[in-house]
Amino acid sequence: MAMVRQTRQRAAVIEVLQASREHPDASAIHAAVRERLPSVSLGTVYRTLDALVRDGVVVTLERAGQATRYDWREGTAHHHAVCRTCGQIFDVDAAALPGVPSANLPGGFRVTDIHLEFMGVCGDCQASTNQTP
Ligand SMILES: [Zn+2]
Ligand SMILES: [Zn+2]
């Protein structure tokens, strides 16, 4: 029953992503899914993630030189704040920010979605840098 198996894998991947606020990469998702479905391969997790991305329920966060991270797309839009030091990705509520002007974009461009990325250093990393050795 390939169809049933596929559905359970998909459900397990979705649950892992919904439960995580860490924006996990595929191997972290694989490790968590295997706790419930021990026979799931990393390839299956990748294929499941690809399908979820195509369906628009999961978004990818790409960083040069790093594994792609995955994010469950919740009902409300959110932006990301990325720590340059530890690589942690924090969710930023879109409602907490002023609207982004979408006028005057070239080529008659119509904005359907805005995703902002704030680069910086998180509080934990600032605290550890401030400590004198
Ligand atoms: Zn940090
Ligand atoms: Zn996020």
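Quick caveat: nothing in here was measured; it's all calculated off a predicted structure.

Counting its regular elements, the chain contains 4 helices and 5 strands. When its helices and strands are written in sequence order, the chain yields α-α-α-β-β-β-β-β-α. Within the chain, the fraction of its 133 residues that count as buried is 11%. In the chain, the share of contacts with a sequence separation of at least 24, taken over all contacts with a separation of at least 6, comes to 49%.

Below, the discussion takes up the sheet that holds strand β4 (residues 89-93). A sheet is described by the order of its strands in space; here 3 strands give the open sequence β4-β3-β5, paired in mixed fashion. Strands with a single pairing partner mark the edges of an open sheet, and in this sheet they are β4 and β5 (117-120). In this sheet, adjacent strand axes meet at a mean angle of 25 degrees when their direction is disregarded. Bridge count for strand β3 (residues 78-83) against β5 is 4 bridges, and the pairing is parallel. Across the sheet, the residue bridging to Cys 83 is Gly 120, located in β5.

With that settled, consider the pairing of β3. Here β3 pairs with β4 via 5 bridges, running antiparallel. Pairing of Ala 81 across the sheet is with Phe 90, part of β4. Linkage of β3 to β4, two consecutive antiparallel strands, is achieved through a turn of 5 residues, within which Gly 87 is found at a positive phi near 80 degrees.

Here the focus is the confidence of the model for the chain. Mean pLDDT over the chain stands at 86; residues scoring 70 or higher make up 89%. Summarising per-element confidence for the chain, the mean pLDDT is lowest in helix α1 (residues 2-19) (84) and highest in helix α2 (residues 26-34) (97).

Parameters and conventions
Residues numbered from 1 in each chain as written. Chains lettered and ligands numbered in written order. Predicted model: local features only at pLDDT ≥ 70, side-chain atom pairs only at ≥ 80, totals over all residues. Helix = DSSP H or I, 4+ residues; strand = E, 2+ residues; numbered from the N terminus. Buried ≥ 20, exposed ≤ 12 C-beta atoms within 10 Å, placed from the backbone. Contact = placed C-beta atoms within 7 Å. Pairing = 2+ DSSP bridges. Axes fitted to C-alpha atoms, helices over the stretch in contact; angles between N-to-C directions. pLDDT = per-residue confidence, 0-100.

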